[in-house]
Amino acid sequence: MGEVNFNNVVKRFDDGTVAVSDLNFSIEEGEFLVLVGPSGCGKSTSLRMVAGLEAITGGEITIDGEVVNGLTPRERDIAMVFQTYALYPHMTVEQNMGFPLRMARVDPEEKKRRVRSATNILGMENLLGRYPRELSGGQRQRVAMGRAIVRSPRVFLMDEPLSNLDAKLRVQMRGEIARLQRELGTTTLYVTHDQVEAMTLGDRVAVMHDGVLQQLAPPARLYQAPETVFVAGFIGSPPMNLCRATIMDEGGALVAKFGSFALPIDPGSIEKYPNVREHVGRDVVLGTRPECFFIASGDLPENKLVKAKVDFVEMLGAEALIYLPTDAEQIDGSTRFGVKAKTGANGGTEPEQLTLVARIAPKTVPSHGEMVNIAYEEDSLHFFDIDTGRALR
Amino acid sequence: MSPVLQGAATILIGVFGCIGYFYASNIILDRVLFPARGPKAGRNINRANQVRPWLFLFPAIFALGLYLVYPVVGSFYRSLFDRAGDDFIGLGNYIDLINEPTFRTAVFNNFLWILVVPAGSTFFGLAAAQLTDRLRWGNIAKSLIFMPMAISFVGASLIWKFVYANNADIGLINAAREALFGAEPLDVLQIPFWNNFFLMFILIWIQTGFAMVILSAALRGIPEETIEAAIIDGANPFQVFFRIKVPQIMGTIVVVWTTITILVLKVFDIVYTMTGGNFGTQILPSYMMGYMFRDNGRATAVAFVIMVIVLPVMVWNIVQARREQR
C-alpha cells in the first residue's frame, strides 16, 4: 500500500506563476523518495499537492491507483510532518499524538494502545503528559513524527522536518528517521533543500529546479552521472567545477580547451559521454569534481597536467581545498538553464571566471602563490550541452 | 498674568520641579543619609542603591494615591453618612439598599447584563472575525460591524429608540410586525423582563465590533501550520475552529470577555436614555445616577457595591492580559 504517481502534474498560481510544470514520476510502495532543490523550485508545492493542501492545476496525482485530485486531505489517508512541527500548543503530547485518531473516531482504548506503541518506538514514554512548550526542539520533532506514525497512513509526507534543529541534533534525527522508515516500511516523500539529507536518506532522489524535474535516480547515480548541468552543480560539496570549454581534435585525440588551459580527454570519459565526439570544434560545458584532482608527481606527461597558481588554501584536516584561478568562463547551472535565465534575469552581467577548486590529500598541501601541477583521475570528466544543459550522452 | 505666561510658568515649574526633585533627593541620599565614605562606605553605597528606586517611584505612587486610592477610601467613608452628609449612620445606607426592591431589581438585572452582554458580544465578535477572515470583501464587512463603536452610548440609544418605537411608521420592529402579521403596534420596552434584553442588545451591537477586531487579530496570529496539520489529521472545518483555533486564542477571548464585563458595570447611559430605569429595567449604574446630588451617601454606597462586584473581574482581566503579553 502506498504507491504514489505524478502524471503530468502542473501547478499554476492565481497570479500566473508556474510553480510546478509537467511533473511525472512515481514513488514505489515502501520507497523513501527525497525531493531536493533550492528554495522556490516547487518541491514543497509538489508535496502539498499530494497532501491536498494545494489544488492541482493540471494532470493528476494517484495514490494506489486512485486519483486523489478531488479528495480532501482526510480522505487521502496520508500523514504529514511540518518544518515547524505544527504541534497543537494547547494539547499534551498524548493528546497531540491521539488527535488524528480522535478525528477518525478510533475507540479510546485502541487509541491509547496505538499512542503508547508509537511513544515506545520513539522512546519518549515519560513525555506523554507534557505540553509542546515544555519540550526541546528534538523532542517536539519526535512528537510530530509520532503524530504521523499513530495513524499508520499509506504515505508519510515530510516537509523539511529537520531544518529547525541544530546541526548535531539534525544528524541524530536524520538517522532516526531513516531507521523508522525502514522499520515501518511506509512510503515516504521527503522534501529538503539539504543535499546531504537527500543523499543519506533517499532510496531515490528527485532533483527539482524551477518547477522542472531534473533527474530522478539513486543517490550514487545522481553523483556519478548527473543528467543536467544543474544537477551536476547542485549535488556535491564543494560543487563541481563547471566552465565553458571547446572540444578540439588534435591528431586523433580529443582535447578540452578552457581559457588558456587544455586537458586531454581520456577514453573512459568519452565512453561515458559518447556524444562529445559530435561536438568537436564546438563549445560545451566541462565539469570536473574537486575530488578527482590530485597533485601530480613528476612522471605524468606534460599534456595531462594543469599548471596553475594557488590563490588560497583551506585546510580541513582530513583534506585540503586549493583554489586555482583560471581565465575560463564559469557556468552557473542554476541561473543559466532555468526559467529565470530565459526571462533575462541574469542578463547583462559579465561572465565570471572559473576558480577551479581541487580537493587534495593534506600531506602535500602547497602554499599560497605557489605554482602546482595537478592532474585528474581517468573517467571523471563530465560534458554537457552548452545550450540545453543536458549531459552529452 | 496673561494665560501664556501662566502656561509657560506652569511648564517651567513642572519640568524644573521634577529635575529639582530627583536631583535634590539623590544628593540628600548620597551625601547626607548614606555618604560613600568613612568606614562603612561600601555598606552605605548598597543601602543608597536600595532606596534609590523608591525615590523615582514616589511621585507616581503619590499621584495615584491621591487620585485613585483616596477617592475609594473617601467614597467608602462618605457612604457611611446620611443624605445631608452630616450624621454618621454606619452601614445604614447599605442596609437600606438591601431592603429596597428597586435595588434588588437593579442587582438582578445587572447580573443578567453581565451574563448576556459579554457572552453575546464575544460570540458575535468571534463569529464575525472567523467568517470575514478569508473573504475578499471581509474588510468592508468588518468596518461596518466596527462602526457602532464610534457612536456614543446616548447616540446609539436614540437610534434604537427609533427601532423600538411604538409606531409602525417609525419603529422597525412594529413595522415588521404589522407587515408580517398585521399586528397592532406595541411598546417593546414595556414588556416586563424581556425589555431588559432589548436594552442589552444595544450594548452588544456596540461591543461586537470591539470583540471582532481583537479576536480577528488573535485568529491571524495562530500558526497556519497547526491548522494545516489539523486538516491533514482529518478535522473538518468545525473541528478545526473549535478544537484548534478557539483553544489557541482562549487567553484573548478571556481578556475580551472580562473587558466587556467591566464596561457593562459602568454603562448607565443606555438604560438612563431608553427607559430611565422604569418598567423593571433598572441597573446599578443608572440607579446610582438617580441618587447622585440628591442623596450622596446612598449614591456612594451604590458606587461601592459596583466596585466590589467589578474588582474580581478586573483582577482576572489584568492577570490574563499579562499572561498574553508573555
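Residues numbered from 1 in each chain as written. Chains lettered and ligands numbered in written order. Predicted model: local features only at pLDDT ≥ 70, side-chain atom pairs only at ≥ 80, totals over all residues.

J.: Now, about the interface of chain B and chain A: what can you tell me, with residues and values included?
T.: At the junction of the two partners, chain B supplies 14 residues and chain A supplies 17 residues. Elements with a contribution of two residues or more to the side of chain B that touches chain A: α9 (224-232) and α10 (237-248) of chain B. Per-element tally for the side of chain B that touches chain A: the top contributor is α9(B), with six residues. When the residues that make up the side of chain B that touches chain A are grouped by side-chain class, the tally is seven nonpolar, four polar and three charged. (Contact = placed C-beta atoms within 7 Å. Helix = DSSP H or I, 4+ residues; strand = E, 2+ residues; numbered from the N terminus. Nonpolar A, V, L, I, M, F, W, Y, C, P; charged D, E, K, R; others polar.)

J.: Give me the lowdown on the domain arrangement of chain B, citing residues and values where you can.
T.: By domain assignment, chain B separates into domain 1 (3-78) and domain 2 (92-325). Each of domain 1 of chain B and domain 2 of chain B has a C-alpha centre, and these two points are 43 Å apart. (Domains from an automatic or database assignment.)

J.: Explain unusual backbone geometry residue by residue, including any values.
T.: Residue and element names in this part refer to chain A. Residues Ser 237 and Pro 238 are joined by a peptide bond in cis, for which omega reads -5 degrees. Phi is positive for Asn 8, which is not a glycine, with a value near 50 degrees. Mapped onto the elements, Asn 8 comes out in strand β1 (residues 4-12). Asn 8 sits in the exposed class, given 11 other C-beta atoms within 10 Å. (Buried ≥ 20, exposed ≤ 12 C-beta atoms within 10 Å, placed from the backbone.)

J.: Break down the pairing of strand β9 (residues 204-209) of chain A for me, citing the residues and quoting the values.
T.: All names here are of chain A. Of all the six residues making up β9, five are buried; the element is thus mostly covered by neighbouring parts of the structure. The pairing of strand β3 (residues 32-36) with β9 spans four bridges and is classified as parallel. What sits directly across from Leu 33, in β9, is Arg 204. Summarising the sheet, β9 and strand β10 (residues 212-217) pair through five bridges and their orientation is antiparallel. Across the sheet, the residue bridging to His 209 is Val 212, located in β10. The hairpin turn running from β9 into β10, its antiparallel successor, is two residues long, and Asp 210 in that turn takes a positive phi close to 55 degrees. (Pairing = 2+ DSSP bridges.)

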